[in-house]
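Each chain is listed here by its residues.
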Amino acid sequence: MRRNELDEMQLQKRNKIGNQAFMLLSYLLLIDIGLYGLGFRWLNYPTNVWVIMLGCMTYYMIRVIWQNSYVGPQQSSKRITKKTRYLTGAVGFVAGVTAFIFQKYFIFIKASAPNGDDNNSLILLVCSVVMLIIIAGVSFISKRQNKDDNNPL
């Protein structure tokens, strides 16, 4: 068995949660399409689909983390090797050099909205940050609970 493989129970839980998240996504998209057909528009077209998808993915991640089905059991603690450090440094260096070289091409590119009051990018940014904070909180709580369960008093 590899280090990060999930056991059978974890796989069943993850698949069950994935099926529920997919069904939730389908129903929410159908409701959104129906409301759009009735004339109710809560967000512009691509943003409404992205917000629904982000919500369903957050639901999936929270449930999977909460059920301890995200990663398999660790056999030993992993340490960062020299090879990983060098590779990370090389990637950072290449990214920095690339950003420095191409910065003159990206300074003058202006983002333009089709109409003046389009806040879709801000809505997506706020939703993404909120969902990531929620997932991080659930992950932290789950790890803390697991740590407390392993220490018998």
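The shown structure was predicted, so the numbers you read here are calculated from the model rather than taken from an experiment.

(A) Seen up close, the overall build of the chain. Assigned secondary structure in the chain consists of four helices and zero strands. Of the regular secondary structure in the chain, the N- to C-terminal order runs α-α-α-α. Among the 153 residues that make up the chain, the fraction classed as buried is 16%. Contacts in the chain between residues far apart in sequence, at least 24 positions, make up 86% of those at least 6 positions apart. Looking at the chain as shown, the accessible area adds up to about 12,600 Å², and 65% of this sits on carbon and sulfur atoms.

(B) Quick look at helix H2 (residues 45-66). Between the first and last C-alpha of H2 there are 32 Å, a value that for 22 residues agrees with the 32 Å anticipated at 1.5 Å per step. Of all the residues in H2, the buried ones are Thr47, Asn48, Val51, Ile52, Cys56, Thr58, Met61, Val64 and Ile65. Asn68, located one to two residues past H2, shows a positive phi value of around 55 degrees.

(C) Up close: helix H1 (residues 8-37). With 30 residues, H1 ought to run about 44 Å at 1.5 Å a step, and its terminal C-alpha atoms sit 43 Å apart, in line with that. All of the buried residues along H1 are Gln10, Ile17, Ala21, Leu25 and Asp32. Gly39 occupies a position one or two residues after H1 and carries a positive phi of about 100 degrees.

(D) Geometry of the environment of Tyr70. For Tyr70, the location among the structural elements is in the loop between H2 and helix H3 (82-106). A C-alpha to C-alpha distance of 9.9 Å links Tyr70 and Glu5, two positions 65 residues apart in sequence.

(E) Layout of unusual backbone geometry. Here the phi dihedral of Asn68 falls at roughly 55 degrees; this positive angle occurs in a residue that is not glycine. With respect to the helices, strands and loops of the structure, Asn68 is situated in the loop between H2 and H3.

(F) Just the confidence of the model for the chain, in detail. Model confidence for the chain is summarised by a mean pLDDT of 80, while 78% of its residues fall at 70 or above. No element of the chain has a lower mean pLDDT than helix H4 (residues 120-150), which averages 80, and none a higher one than H1, which averages 91.

(G) Examining the side chain of Ser69 more closely. Mapping Ser69 onto the fold places it in the loop between H2 and H3. From its side chain, Ser69 meets the backbone oxygen of Gln10 in a polar contact 3.4 Å long. Those residues in contact with Ser69 that lie beyond four places of it in its chain are Leu6, Gln10, Lys13, Arg14 and Val64.

Cut-off values and rules
- Residues numbered from 1 in each chain as written.
- Predicted model: local features only at pLDDT ≥ 70, side-chain atom pairs only at ≥ 80, totals over all residues.
- Heavy atoms only, no water.
- Helix = DSSP H or I, 4+ residues; strand = E, 2+ residues; numbered from the N terminus.
- Buried < 20%, exposed > 50% of the residue type's maximum accessible area, 1.4 Å probe, protein only.
- Contact = heavy atoms within 4.5 Å.
- Areas by Shrake-Rupley, 256 points an atom, 1.4 Å probe, with all protein chains shown as cover.
- Expected span 1.5 Å × (residues − 1).
- pLDDT = per-residue confidence, 0-100.
- Polar contact = N/O pair within 3.5 Å; in protein donor to acceptor, adjacent residues only side chain to side chain.

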